[in-house]
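Structural description and commentary
This is what each chain is made of:
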Amino acid sequence: MSDIEDELTAGYRRFRADHWPTARAEYETLATKGQKPHTLIVACSDSRADPALIFDAKPGELFVVRNVANLVPPYEPDGKLHGVSAALEFGVKVLGVKRIVVMGHAHCGGVNAMIHGAPEIVADFVAPWIAQGAPVVQHVAETVAPDQLERAAEEAIVRLSIRNLRTFPWIAEREAKGELQLSGLHFGIADGALTALTDQPRFEPLA
């Protein structure tokens, strides 16, 4: 086996030895009764920003959708392949989540590519994917100091995703009725702190 496979196998063995004995009943209940997560989280695929770890969540509590730069595209029911939109539809209509959180993070490679351009080697999928956020980031670049650009752009992409969530009619309707809450967060990798989208220009420390 490769070193990577050895690492994964070792992690699995720790899971079985240290975690499974106390969590077995919980998993068995989830298997029998199904999942009922309270929150759907749209997060970045970045390995340093794992929602389950950050929120100390138990199995079955979070329905997590991860992609490059935690982007939510606008509502486009055109019959094409839409992974994020499919997950949103399942989470909202089938699982009945009560909250959708978009969580960005510091040092996001996807947002950095929106600022500086995507590498040529990722022209097939990454470049067109992040292009949807490029106009927002370009606007931010014109309005903030260079040393604030990265963080401000990361926050702007969370705002964009929140706006795009509201283009889904069955999300907007549930939010208007008070049945669904939309929230935006930003995770600081170096300090482990969360800041939240409010009515202020910049994200504020989570209360």
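Residues numbered from 1 in each chain as written. Predicted model: local features only at pLDDT ≥ 70, side-chain atom pairs only at ≥ 80, totals over all residues. Heavy atoms only, no water.

**Comments concerning the overall build of the chain**
The following threshold applies: A run of H or I in DSSP becomes a helix once it reaches four residues, and a run of E becomes a strand once it reaches two; helices and strands are each numbered from the N terminus. Each radius of gyration is computed over the set of C-alpha atoms, and the globule rule expresses the reference value as 2.2 Å times the number of residues to the power 0.38. Remark: exposure states derive from per-residue accessible area (1.4 Å probe, protein chains only) relative to the maximum for the residue type, with buried under 20%, exposed over 50%, and partly exposed in between. Any two residues whose heavy atoms approach within 4.5 Å at even a single point are treated as in contact.
Check the secondary structure of the chain and you find eight helices and six strands. When the helices and strands of the chain are placed in sequence order, the string is α-β-α-β-α-β-α-α-α-α-α-β-β-β. Whereas a compact globule of 207 residues would reach a radius of gyration of roughly 17 Å, the chain reaches 18 Å, a difference of no more than 12%. In terms of its C-alpha atoms, the chain occupies a principal-axis envelope of roughly 55 × 50 × 40 Å. The burial tally for the chain puts 36% of its 207 residues in the buried class. A separation of at least 24 residues holds for 66% of the contacts in the chain among residues at least 6 apart in sequence.

**Quick notes on the nonpolar core**
Keep this limit in mind: Put simply, buried Ala, Val, Leu, Ile, Met, Phe, Trp, Tyr and Cys residues joined by side-chain atoms within 4.5 Å make one nonpolar core.
Judged by nonpolar contacts, the single largest core of 22 residues is most densely connected at Leu40, Leu88, Ile100, Leu165 and Ile171. Secondary structure elements with two or more residues in this core: β1 (39-44), β2 (62-67), α3 (83-94), β3 (99-105), α7 (149-165) and α8 (169-176). Looking at which element gives the most residues to this core, the answer is α3, with four residues. Aside from chain neighbours lying at most four places away, what touches Leu165 is Val72, Leu88, Ile100, Val102, Ile171 and Leu182.

**Thoughts on the side chain of Glu155**
Among the structural elements, Glu155 can be located in helix α7. With a relative accessible area of 3%, Glu155 lands in the buried category. Discounting residues that sit within four places of it in the chain, Glu155 has contacts with Arg202 and Phe203.

**Focus: the sheet that holds strand β4 (residues 181-187)**
Applicable threshold: In this analysis, strands are considered paired if DSSP registers two or more bridges between them. Helix axes are fitted only over the stretch in contact, all axes being lines through C-alpha atoms; the angle between N-to-C directions runs from 0 to 180 degrees.
Read across the open sheet, the six strands follow the order β2-β1-β3-β4-β5-β6; overall the sheet is mixed. Bordering the open sheet on either side are β2 and β6 (204-205), each of which pairs with just one other strand. In this sheet, β3 lies alongside β1 in parallel orientation, the contact comprising five bridges. Bridging across to β3, Ile41 finds its partner in Val101. Each of β3, β4 and β5 (194-196) touches α7; the most contacted strand, β4, lies at about 165° to it.

Distances and angles like these do not, on their own, reveal function.
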